[in-house]
Amino acid sequence: MGETVSLGDVQETLMIPLYGRALDARKSRSILGDERAAELVDAIDYDFEKFRGPSLGGSVLRASIFDEYVREFLGKHPDGTVADLGCGLSTRFDRLDNGRVRWFDLDVEDTMSLRRKFFTDRDRYTMIPGSIFDTDWYQQICERSGPMFLLSEAVLLYFPAEQVHAVLRRFAETLPGAGLALDTGGPAMMNTQDRNPVFKALPTRMQWTCKDPATLEQFGLRLRESRTFAHPQPSVARTWPWRYRCLLRAFEWAPPITTYKLNLFESESG
Ligand SMILES: C[S@@+](CC[C@H](N)C(=O)[O-])C[C@H]1O[C@@H](n2cnc3c(N)ncnc32)[C@H](O)[C@@H]1O
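(A) View of the overall build of the protein. Regarding its fold elements, the protein presents 13 helices and nine strands. For the protein, the C-alpha radius of gyration of 18 Å lies close to 18 Å, the compact-globule estimate for 270 residues. Along the first, second and third principal axes, the C-alpha atoms of the protein reach 45 × 45 × 35 Å. Residue burial in the protein is summarised as follows: out of 270 residues, 53% are buried.

Structure below.
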């Protein structure tokens, strides 16, 4: 009998990328090679097979683009601090640990208590139970002075625009000069959720529509890069199967591709 789960509606969405990474790990040519995700899927008593469709593979592509944003940061700042806000059951620290980074994973209480069944705090790695909308974790992640990188992958999309805008303003004010990676979805993505097979299996829906990530600069952020799945970083593209790359490039103009963006910001420095 596996580990049983009791999660809130938004929290349960963590099972989608977890299963996506597990399926990827079982392929002969895996993109992320996340064997731990496959072990977690085997260890958790949950109907993962209810999830179907391209969003499973999409969550792997997304994770690989976010990984590269963090790798680039650590390439420049090997002793920097990284905070993954709404980490779910991500294994990103294990994938990217350079032996020097100070890493924090934050997620809400119920997700964190599930996470703690499989992961433990270690030297340079700390899990924080809390909400991205709380304020007390900012001080904790500033334990080491120096460069800071925040990422929030497939989290803010689930919240109303006013709440997201307020938290972006707070990031910029509290952490000047920090990097921030986050994903945005335009109307073509938000208005078709009911047709997306993964969402047919879940009660929750995404709420925050953002057609143009450059509009977020009004909150004190500078947009450094904005990518779609048709234009990953070249080093990431090389890890994706050739047929994915060809298909995504062939349909780079199509709304399912253009509507979803993986963005890299920097908060204005002081
Ligand atoms: C789709 S999952 C993404 C998980 C992870 N980022 C990944 O890509 O594997 C959404 C995550 O948001 C988390 N979440 C929900 N509400 C949150 C909040 N207020 N603050 C931080 N995380 C939250 C959930 O617990 C869940 O882990």
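(B) Inspection of the packing of helix α2 (residues 15–25) against helix α4 (residues 54–76) at higher detail. Running from N to C, α2 and α4 cross one another at 85 degrees; their axes reach a closest spacing of 8 Å. As the angle between them shows, α2 and α4 are arranged roughly perpendicular. Residues I16, P17, Y19, G20, R21, L23 and D24 of α2 touch α4, and the partners they reach there are L56, S59, V60 and R62. For the contact of α2 with α4, the class distribution of residues is six nonpolar, two polar and three charged.

(C) Fine view of helix α3 (residues 35–43). The set of residues buried in α3 consists of A37, A38, L40 and V41. For α3, the buried positions fall inside an angular range of 160 degrees around the axis, keeping them on one side. Close packing links the buried residues of α3 with α2 and β2 (44–45).

(D) How the structure looks around helix α8 (residues 161–174). End to end, α8 covers 20 Å across 14 residues, agreeing with the expected 20 Å (1.5 Å per residue, within 8%). The set of residues buried in α8 consists of V164, V167, L168, F171 and A172. Buried residues of α8, seen end-on, are gathered within an arc of 140 degrees and therefore sit on one face of the element. With respect to the buried face of α8, the exposed residues turned more than 90 degrees away are E162 and E173. Taken together, the buried residues of α8 touch β3 (81–85), α7 (137–141), β6 (148–152), β7 (179–185), β8 (221–227) and β9 (260–267).

(E) Examining the sheet that holds β7 more closely. Taken in spatial order, the seven strands make up an open sheet running β5-β4-β3-β6-β7-β9-β8, and their pairing is mixed. For this open sheet the edge positions go to β5 (125–129) and β8, each flanked by a neighbour on one side alone. Between one strand and the next, the sheet's axes are offset by a mean angle of 20 degrees, whatever the strand orientation. Here α8 sits on the sheet in contact with β3, β6, β7, β8 and β9, set at roughly 165 degrees to β7.

(F) Molecular detail of the site of the ligand. Looking at the ligand, there are 20 residues lining it, with G86, D107, T111, I132 and E153 nearest. Note that an oxygen atom of the ligand is positioned 2.7 Å from one of the side-chain N or O atoms of T111. A distance of 2.9 Å is found between a nitrogen atom of the ligand and a backbone nitrogen or oxygen belonging to I132. For the ligand, whose free accessible area comes to 590 Å², the fraction covered by protein is 96%. Contributing elements (two or more residues each) for the shell around the ligand: α1 (9–12) and α2.

(G) Expanded view of the state of the cysteines. What the rule picks out here adds up to zero disulfides. In this model C87 remains outside any disulfide bridge; the closest cysteine sulfur is found in C142, 18 Å from its own. Under the relative-accessibility criterion, C87 is labelled buried at 6%.

(H) Structural view of the nonpolar core. M15, L168 and F171 are the most contacted members of the largest nonpolar core, which totals 90 residues. A total of ten residues in this core trace back to one element, the largest contributor, which is α4. Discounting chain neighbours no more than four positions away, the residues touching L168 are L156, L180, L182, L216, F219 and L221.

About the cut-offs
- Residues numbered from 1 in each chain as written.
- Predicted model: local features only at pLDDT ≥ 70, side-chain atom pairs only at ≥ 80, totals over all residues.
- Heavy atoms only, no water.
- Helix = DSSP H or I, 4+ residues; strand = E, 2+ residues; numbered from the N terminus.
- Rg over C-alpha atoms; globule rule 2.2 N^0.38 Å.
- Buried < 20%, exposed > 50% of the residue type's maximum accessible area, 1.4 Å probe, protein only.
- Axes fitted to C-alpha atoms, helices over the stretch in contact; angles between N-to-C directions.
- Parallel < 35°, antiparallel > 145°, perpendicular 65-115°, else oblique.
- Contact = heavy atoms within 4.5 Å.
- Nonpolar A, V, L, I, M, F, W, Y, C, P; charged D, E, K, R; others polar.
- Arc of directions from axis to C-beta.
- Expected span 1.5 Å × (residues − 1).
- Pairing = 2+ DSSP bridges.
- Near = heavy atom within 4 Å.
- Polar contact = N/O pair within 3.5 Å; in protein donor to acceptor, adjacent residues only side chain to side chain.
- Areas by Shrake-Rupley, 256 points an atom, 1.4 Å probe, with all protein chains shown as cover.
- Disulfide = S-S within 2.5 Å.
- Core = buried A, V, L, I, M, F, W, Y, C linked by side-chain atoms within 4.5 Å.

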